[in-house]
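Examining the three-dimensional arrangement
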Amino acid sequence: MMAAGVLINRISLQAKENIRDSVGEVAGDWQEIATVWARITPLSGQAAAEGRLKQTEIPYHIAIRWNHPLEKLTALDSLRAVELFDGRIFKLYACRSNRTDGFIQWRAFESDPSG
């Protein structure tokens, strides 16, 4: 079980929703699904420090407490987390949900908000 004290990052979980505008074009926009406490930790600090990864592709592990309504997020293709204190954006993938252990976790890449 994950202790409450390690969940120190406040994040907004967001899914991309495609909406047709008035002229029929499809536009994607991020919609907030939930705001939760999480633990965000780098996966490969050594590789990033040695410059083997591009600056815009820093891998992370993001974990939240298991929550039945949020378990459905594991199947979404376009999912991101926005860290609410500093604005960092993470593209989420490779989700693992484990009710027994009490957490949902993703591998993630921090993305450059400018592009």
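Summarised in this report is the structure supplied together with it. Everything quoted here is computed from the prediction, not taken from an experiment.

The subject of this paragraph is the environment of W66. Looking at the secondary structure, you find W66 in the loop between β3 (58-65) and α2 (68-71). In this structure the C-alpha to C-alpha distance between W66 and F103, which are 37 residues apart in sequence, comes to 4.0 Å. Residues in contact with W66, not counting those within four places in the same chain, are E71, S97, N98, R99, G102, F103 and I104. Here S97 takes part through its side chain, which lies 3.2 Å from a polar atom of the side chain of W66.

Another aspect to go through is the pattern of salt bridges. Within this structure, the stated rule accounts for one salt bridge. Here R88 ties to D86 by a salt bridge, and the two come within 3.0 Å at their closest N and O atoms. According to the relative accessible area criterion, R88 is partly exposed, its value standing at 23%.

Conventions we followed
- Residues numbered from 1 in each chain as written.
- Predicted model: local features only at pLDDT ≥ 70, side-chain atom pairs only at ≥ 80, totals over all residues.
- Heavy atoms only, no water.
- Helix = DSSP H or I, 4+ residues; strand = E, 2+ residues; numbered from the N terminus.
- Contact = heavy atoms within 4.5 Å.
- Polar contact = N/O pair within 3.5 Å; in protein donor to acceptor, adjacent residues only side chain to side chain.
- Salt bridge = Lys/Arg side-chain N within 4 Å of Asp/Glu carboxyl O.
- Buried < 20%, exposed > 50% of the residue type's maximum accessible area, 1.4 Å probe, protein only.

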